[in-house]
Every structure is written in C-alpha cells, then in structure tokens.
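Residues per chain, in single letters:
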Amino acid sequence: MELPDIPRTIGGIAGALRPELQAKFWDDVRRIDNADAARLLLDDWWRQAVVDTAGDNEVARAALEDAADLRLIEVAREESDGRTMTHDEVMAMLDKAKAS
C-alpha cells in the first residue's frame, strides 16, 4: 500500500492528525527533552497520522498501519547503518520463536 505524503516533522504530523488528537500531540511535543525522545515521538505520531488518513475504513487503517511500520523499520535501518534488523529478519526470528 502506498503511504500518504506526510513529512515526519512536527508541522507535517500536526497538519495531518485528526483534530481530536491535536492537543495530546502538542502536549507530547512539549515534553520532548532529548533527540532520541524526539525521534521516537515523531515516529509514533507520524504512524498515527498515516493511519488516520484512512478515516473509519478499518481495512485501510490496518493496511496503512502495516505499511507505516515497514517504512519506520526501513528508516531505522538506514539511520543505524544496517545495524538494525530488516523486516524479513524480524519475521524470521518470530517464526523461529513460534516453532520452538
């Protein structure tokens, strides 16, 4: 599924979130106290903004949630210079754990 074009920035996310989530988002932004917290917060809220573009369509919301998760895994891998596992590596690890 193609992701909507929502920048992973405070302004991009704020502009895409449903109005009822705006206050919580801004409260969370105000509490950021370091770069790692900022990155994690933006990832979480970007994912929410992406999912919200599907409105009340639960099938589309689930598909966007999966697509956003995969994109965030790719971003983490890029930012870690390959030290983070790929989606396929994570899935293989989970399959192996289920089998044992």
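Scroll up to find the structure this text is about.
Owing to the predicted nature of the structure, the values given are computational and were not obtained by experimental measurement.

### Considerations on the nonpolar core
Part 1 of the argument: Counting 18 residues, the largest nonpolar core has Ile 13, Leu 17, Phe 25, Trp 45, Trp 46 and Val 50 as its most contacted members.
Part 2 of the argument: A per-element tally of this core places helix α3 (residues 35-52) first, with six residues.
Part 3 of the argument: Not counting the four nearest positions on each side in its chain, Trp 46 is found in contact with Leu 3, Ile 6, Pro 7, Arg 8, Ile 13, Ala 68, Arg 71 and Leu 72.

### Focus on the side chain of Asp 28
Part 1 of the argument: Secondary-structure assignment places Asp 28 in helix α2 (residues 22-30).
Part 2 of the argument: Of the residues examined, Asp 28 reaches a relative accessible area of 13% and is grouped as buried.
Part 3 of the argument: Within the structure, Asp 28 has its side chain in polar contact with the side chain of Trp 45 (distance 2.9 Å).
Part 4 of the argument: If we skip the residues at most four places from it in the chain, Asp 28 touches Leu 41 and Trp 45.

### A look at α2
Part 1 of the argument: The set of residues buried in α2 consists of Phe 25, Asp 28 and Val 29. Buried positions in α2, seen along its axis, are confined to an arc of 100° and lie on one side of it. Among the exposed residues of α2, those pointing more than 90 degrees away from its buried face are Ala 23 and Arg 30.
Part 2 of the argument: Tucked inside the fold, the buried residues of α2 contact α1 (10-16) and α3.

### Focus: the environment of Leu 72
Part 1 of the argument: Following the sequence through the fold, Leu 72 ends up in helix α4 (residues 58-79).
Part 2 of the argument: According to the relative accessible area criterion, Leu 72 is buried, its value standing at 14%.
Part 3 of the argument: In this structure Leu 72 touches Arg 8, Asp 43, Trp 46 and Arg 47, once residues within four positions along its chain are discounted.

### Remarks on the packing of aromatic side chains
Part 1 of the argument: Tallying each qualifying case throughout the model produces two aromatic pairs.
Part 2 of the argument: A centroid spacing of 5.2 Å and a plane angle of 65° characterise the contact between Phe 25 and Trp 26, whose relative ring orientation is edge-to-face.
Part 3 of the argument: Phe 25 sits in the buried class, given a relative accessible area of 0%.
Part 4 of the argument: Pairwise contacts between aromatic rings join Phe 25, Trp 26 and Trp 45 into one cluster.

The rules behind each value
Residues numbered from 1 in each chain as written. Predicted model: local features only at pLDDT ≥ 70, side-chain atom pairs only at ≥ 80, totals over all residues. Heavy atoms only, no water. Core = buried A, V, L, I, M, F, W, Y, C linked by side-chain atoms within 4.5 Å. Buried < 20%, exposed > 50% of the residue type's maximum accessible area, 1.4 Å probe, protein only. Helix = DSSP H or I, 4+ residues; strand = E, 2+ residues; numbered from the N terminus. Contact = heavy atoms within 4.5 Å. Polar contact = N/O pair within 3.5 Å; in protein donor to acceptor, adjacent residues only side chain to side chain. Arc of directions from axis to C-beta. Phe/Tyr/Trp six-rings, centres within 6.5 Å; stacked < 30°, edge-to-face > 60°.

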